[in-house]
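Inside the fold
Below, each chain spelled out in residue letters.
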Amino acid sequence: MLITDDDTASRNTVAALLSPTGHSIRFAANGEEALASVEREPPDLVLLDVMMPGLDGFEVCRRLRSRLGADYIPIILITALDGRSDIVRGLEAGADDFLHKPVHGAELRARVTNLLKVRDYHQLVASERDRALAMVDELRQQLLRADRLATLGTFAAGVSHELNNIAQVMRGALEAPATTTEEILNIRDILMHVGGHITELARTILNISRPKDSGVLELDLCRTLDEVRSMLRLTGRTRHAIVDLVMPEQACLIRANKVHAQQVFLNLLSNAADAVADRREPRIEIGVRAAPEGRIEAWVQDNGAGMPEEVLTRIFEPFFTTKPTGAGTGLGLPVVRQLVESWGGSIRVQSQPGSGTRMVLDIPAATPTAAGSAT
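Note that the structure is predicted; figures quoted are calculated from it, not measured. (Residues numbered from 1 in each chain as written. Predicted model: local features only at pLDDT ≥ 70, side-chain atom pairs only at ≥ 80, totals over all residues. Heavy atoms only, no water.)

1. A look at the overall build of the protein chain
Counting its secondary structure elements, the protein chain contains 10 helices and 12 strands. Out of the 375 residues in the protein chain, the part that is buried amounts to 39%. Long-range contacts, defined as pairs at least 24 residues apart, comprise 69% of the intrachain contacts of the protein chain with a sequence gap of at least 6. Surface summary for the protein chain: the accessible area is close to 20200 Å², and the carbon and sulfur share equals 54%. (Helix = DSSP H or I, 4+ residues; strand = E, 2+ residues; numbered from the N terminus. Buried < 20%, exposed > 50% of the residue type's maximum accessible area, 1.4 Å probe, protein only. Contact = heavy atoms within 4.5 Å. Areas by Shrake-Rupley, 256 points an atom, 1.4 Å probe, with all protein chains shown as cover.)

Written as structure tokens, this is what we have:
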């Protein structure tokens, strides 16, 4: 415990009264010493005389509360003042208790014991809070990993189909008779194209399944949308639909993890692809533009069947899905909202039965941007 008083006799008296408690005690002769002592090694409790030269007890108490922040240390003001306004002033400064001189030993020890119990409770709550936050973060990471694995599993069938197509092209090229230089070069061009396609397909799968966090960086959302569109086209997920990309001429920069940004739009565009799978003229629009007040707006819109109100109210619930058993985990949209909100953004949904669905993301821009024309 720290006893602060400019009078040596008063300090020794309070220390003697507290000696039966067995606590370690150190002293400060003025407010500046008290602040320095707490800075070096925070005590479990502070006893402050109010009337001191330089910084009085009220000011020391106020500064201690400001510096300690969430770290709770009980403070008892001890003074000869007995006005109600002085008590109110002390409590407003952050004191936990107020004792008048001459201090009664039993009362002092009882108040100190009670406040130390309060400190123990604060420390317990802080410890449990830290454990809870760590658990929430771990669950969040598990949710992200589960969604990424689900996304990868969804693409597995598409990749298998794509590899089968590639194999047929290679087999056809290798089995075709080539008797002239032109025919040989033509087969060579086909095989080079197939090799490039396989390389791009492998890179796409690595991007989708990459487990490591690449950190929070400035990234161009225009480029991310283009990459995601290419990923889904290569894996065959959007081969049945027309996918329009609407982008401004200038970059739209946000601060986000690249893998997480890809994960957000892979989910949204995959959902849109599923929504238009049975439409006669399936069409999806993905876009991004600069918005007022330093914001970026991105969207994914489809001309699918749309959603009724009872579905709209639940789409962000974990594990809720309207897809057939085995076709969806119900994690995609909850993860999307969690990631977008971690960027300081928000997501809203516009959908009506028969009118398609539009997912709109509002995200803070990393740098000031001006609105540009769509291309």
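2. As for the nonpolar core
The biggest cluster of nonpolar side chains holds 46 residues, and the ones touching the most others in it are F265, L268 and I284. For this core, the element with the most residues is helix α8 (residues 258-275), which contributes 8 residues. With sequence-adjacent residues up to four places away left out, I284 is seen in contact with A241, I242, V243, D244, L269, A272, A273, V276, V300, Q301 and D302. If you look at the next biggest cluster of nonpolar residues, it comprises 21 residues, including A34, V46, V50 and I75. (Core = buried A, V, L, I, M, F, W, Y, C linked by side-chain atoms within 4.5 Å.)

3. Comments concerning the pattern of salt bridges
A complete count under the given rule lists 17 salt bridges for this structure. For D97, the salt bridge is made with R111, and the minimal N-O distance between the two is 2.7 Å. Of this pair, D97 sits in strand β5 (residues 97-100) while R111 sits in helix α5 (residues 105-175), and the two are 14 residues apart along the sequence. The class of D97 is buried, set by a relative accessible area of 15%. (Salt bridge = Lys/Arg side-chain N within 4 Å of Asp/Glu carboxyl O.)

4. A few points about the sheet that holds strand β10 (residues 295-302)
Here 5 strands make up an open sheet; going across it, the order is β7-β9-β10-β12-β11 and the pairing mixed. Because the sheet does not close on itself, it has two edges, and the strands there are β7 (242-246) and β11 (346-351). Averaged over neighbouring strand pairs, the angle between their axes works out to 15° when direction is ignored. Where α8 meets the sheet, its contacts fall on β9 (283-291), β10, β11 and β12 (357-364), and the angle it forms with β10 comes to roughly 25°. Across the sheet, helix α10 (residues 332-342) touches β11 and β12, and the angle it forms with β11 is around 135°. (Pairing = 2+ DSSP bridges. Axes fitted to C-alpha atoms, helices over the stretch in contact; angles between N-to-C directions.)

5. A short note on the side chain of R119
If you trace the backbone, R119 turns up in helix α5. Under the relative-accessibility criterion, R119 is labelled buried at 7%. Excluding anything up to four places from it in sequence, R119 contacts P43, D44, D71, Y72, I73 and P74.

6. So, the packing of α8 against α10
Pairs of packed helices are described in terms of their axes, by the angle between the two and the distance that separates them. For the pair α8 and α10, the least separation of the axes is 9 Å and the interaxial angle reads 140°. It follows from the interaxial angle that α8 and α10 lie oblique. For the pair α8 and α10, the crossing hand works out as left-handed. Residues H260, Q263, V264, N267, L268 and N271 of α8 pack against G332, L333, V335, V336, L339 and V340 of α10. A per-class count over the contact of α8 with α10 returns 7 nonpolar, 5 polar and no charged. (Parallel < 35°, antiparallel > 145°, perpendicular 65-115°, else oblique. Left-handed = near helix turned anticlockwise from the far one by under 90°. Nonpolar A, V, L, I, M, F, W, Y, C, P; charged D, E, K, R; others polar.)

7. Structural notes on the sheet that holds strand β3 (residues 46-49)
Strand pairing in a sheet relies on backbone hydrogen bonds, with the paired strands running either antiparallel or parallel. Judged by pairing direction, the sheet is parallel, and its 5 strands sit side by side in the order β2-β1-β3-β4-β5 without closing on themselves. This sheet does not close on itself; its edge strands, each paired only once, are β2 (26-28) and β5. On average, each strand axis in the sheet is tilted by 20° relative to the strand beside it, whichever way the strands run. Looking at chain direction, strand β4 (residues 75-79) and β5 are connected through 4 bridges and run parallel. Counted as the bridge partner of L77 is F98 from β5.

8. Structural notes on the side chain of T79
Positionally, T79 belongs in strand β4. With near-sequence residues (within four places) excluded, T79 lies in contact with D49, V50, M51, F98, L99, H100 and K101.

9. What to know about the environment of V264
Residue placement: V264 occurs in helix α8. Residues V264 and V336 lie 72 residues apart in sequence; the distance between their C-alpha atoms is 5.1 Å. With residues near it in sequence (within four places) discarded, V264 still touches V336, L339, V340, W343 and L361.

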